[in-house]
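# Examining the three-dimensional arrangement
Each chain, letter by letter, is given below.
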Amino acid sequence: MQFPTRRMRRLRKTPQIRKILRETTLQAEDFIYPLFVKEELEEGAGEPIDTMPGQYRYSLEDSVDEAKRLEKMGLQSVLLFGMPEEKDEMGTAAYSDDGIVQQTVRRLKAETELVVITDVCLCQYTSHGHCGIVEGNEIVNDESLRLLAKTALSHAEAGADIVAPSDMMDGRVGEIRKLLDDGGFQDTLIMSYSAKYASSFYAPFRDAVCSEPSFGDRKTHQMSPSNVEEALLETELDLEEGADIVMVKPAMAYLDVISKVKETFQVPTAAYQVSGEYSMLKAGIEAGYLTEESIYESLLSIKRAGADLIISHFAPEFLEGNIHEEC
Ligand code: PBG
Ligand code: ZN
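Quick summary incoming for the structure in this document. (Residues numbered from 1 in each chain as written. Chains lettered and ligands numbered in written order. Predicted model: local features only at pLDDT ≥ 70, side-chain atom pairs only at ≥ 80, totals over all residues. Heavy atoms only, no water.)

### Re the coordination of the zinc ion (ligand 2)
Protein-derived coordination of the zinc ion (ligand 2) comes from Cys-121 (SG), Cys-123 (SG) and Cys-131 (SG), at a distance range of 2.2 to 2.3 Å. With four donor atoms in place around the zinc ion (ligand 2) and angles of 95 to 129° between them, the coordination shape is tetrahedral. Positions of the donor residues of the zinc ion (ligand 2), expressed as sequence spacing, correspond to C-x1-C-x7-C. Both residues of the pair, Cys-123 and Cys-131, belong to the buried class. (Donors = N, O, S within 2.8 Å, 3.2 Å for Na, K, Ca; no water. Tetrahedral: all angles 85-135°; square planar, octahedral: opposite > 155°, others 65-115°. Buried < 20%, exposed > 50% of the residue type's maximum accessible area, 1.4 Å probe, protein only.)

As structure tokens, then:
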């Protein structure tokens, strides 16, 4: 059937027709909101993050208030990042029972119905800013696994529903699964940062949580932006080791990876719209180069690529109704 019998523009005739024919839409439950919780921060409103306009570091009390406010607007899930008072070589504060994340998890589980996810890594907690234990100039893999698993277990003990290892050490999902199972936490889920790239889009985040490595980089564990086959293998290994949900990070520069991961494995797949993606859109809008609709479009592209869940700093604005499609 060809023109003039087939006229595609019929399908786009009015806003109402366009609206009922949308193939992809966004819902509150698609979002996971990353919350930065800082130990010993004074209460009241939070500390603005310079590199991420509109985002804040919260005290324990304020993070709970903010989570409750967003829950009332339909938020289902948060991802917690902790900022400890003290850092040391071994990242001790990451796996301490009364660490900032552990305390926040307890409060959120007691006072909300939210799905509480915790970021599991050492880089915010180590004095050198690396994701594992450092010997000489090397981030040593197997020695780091024990501490990462210990961190995940302490989050599960505090009540976390899902632990999310973001370190990219080999074998960490298996090690975490084993320690959780041995500890009686068979029902705690693992959302693994499976295909995490060594990306320049993380810059605002490192500034936000002070996790810039003091020497070297993360290229010996995070992936090269050139590689897709490797992302599929990383994901396969994480699934074999027991990951329940897999993740691609960043999102917008890696839509092809999201799409391939979802097609290949057909398992729950998350995508992380990282700090740099957030700040880039914010800056473009602030400068008047872009409109607010670019935010919706970028989120839609992530969902369309195949993500079931989107970790995004835009979650509050979406829930407040500021981000939507004009049909
Ligand atoms: C490290 C970690 C990173 C992010 C979260 N955890 C990246 C990194 O510093 O290498 C990035 C999140 C973002 O940019 O939004 N474990
Ligand atoms: Zn890390």
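There is more to say after this.
### Some thoughts on the pattern of salt bridges
Enumeration according to the criterion identifies 18 salt bridges in this entry. Between Asp-161 and Lys-109 there is a salt bridge, with its nearest N and O atoms 2.9 Å apart. Here the residue Asp-161 occupies a position in the loop between helix 4 (141-158) and strand 8 (162-165), and Lys-109 occupies one in helix 3 (residues 100-111), the gap between them amounting to 52 residues. Residue classification places Asp-161 among the partly exposed positions, given a relative accessible area of 24%. Given the relative accessible area of 31%, Lys-109 is considered partly exposed. For Arg-177, the salt bridge identified is with Asp-181, shortest N-O distance 3.0 Å. A residue pair is termed a helical-turn pair when its members lie 3 or 4 positions apart in one helix, as Arg-177 and Asp-181 do in helix 5 (residues 172-182) at four residues. Several salt bridges converge on common partners, so that one network encompasses Glu-61, Lys-68, Arg-107 and Glu-111. (Salt bridge = Lys/Arg side-chain N within 4 Å of Asp/Glu carboxyl O. Helix = DSSP H or I, 4+ residues; strand = E, 2+ residues; numbered from the N terminus.)

### A short note on the site of ligand 1
Lining the immediate environment of ligand 1, one finds 15 residues, of which Arg-206, Arg-218, Gln-222, Lys-249 and Ser-275 sit closest. Arg-206 is positioned such that a nitrogen or oxygen atom in its side chain is 2.7 Å from an oxygen atom of ligand 1. Protein contacts shield 100% of the accessible area of ligand 1, which totals 400 Å² for the unbound molecule. Considered class by class, the residues forming the shell around ligand 1 number eight nonpolar, three polar and four charged. (Near = heavy atom within 4 Å. Polar contact = N/O pair within 3.5 Å; in protein donor to acceptor, adjacent residues only side chain to side chain. Areas by Shrake-Rupley, 256 points an atom, 1.4 Å probe, with all protein chains shown as cover. Nonpolar A, V, L, I, M, F, W, Y, C, P; charged D, E, K, R; others polar.)

### Focus: the layout of surface pockets
Roughly 180 Å³ of internal volume is contained in the largest pocket. Forming the walls of the largest pocket are Leu-11, Arg-18, Leu-21, Arg-22, Glu-23, Thr-24, Leu-300, Arg-304 and Glu-325. Along the lines of polarity and charge, the residues of the lining of the largest pocket split into three nonpolar, one polar and five charged. (1 Å grid on protein atoms, 1.4 Å probe; cavity = no way out; pocket = protein on both sides within 12 Å on 5 of 7 lines; lining within 4 Å. Points joined across faces, edges and corners; volume = space filled by probe spheres on them.)

### Here we look at empty space enclosed by the protein
Tallied over the full model, the rule gives three cavities of 30 Å³ or more. Counted as a void, the largest cavity has a volume near 130 Å³. Around the largest cavity, the lining is made up of 16 residues, and of these Cys-123, Lys-196, Phe-205, Arg-218 and Lys-249 lie nearest the centre. A breakdown of the residues in the lining of the largest cavity according to their chemical character gives seven nonpolar, four polar and five charged.

### Description of the packing of aromatic side chains
Across all of its chains, the model carries eight aromatic pairs by this definition. Each ring, one from Tyr-56 and one from Tyr-58, has its centre 6.1 Å from the other, and the planes form 45°; the classification is tilted. What links up through ring pairs into an aromatic cluster is the set Phe-36, Phe-81 and Phe-205. Above the plane of the ring of Tyr-202 lies Lys-249, whose end atom (NZ or CZ) is 4.9 Å from the centre. (Phe/Tyr/Trp six-rings, centres within 6.5 Å; stacked < 30°, edge-to-face > 60°. Lys NZ or Arg CZ within 6 Å of the ring centre and 35° of its normal.)

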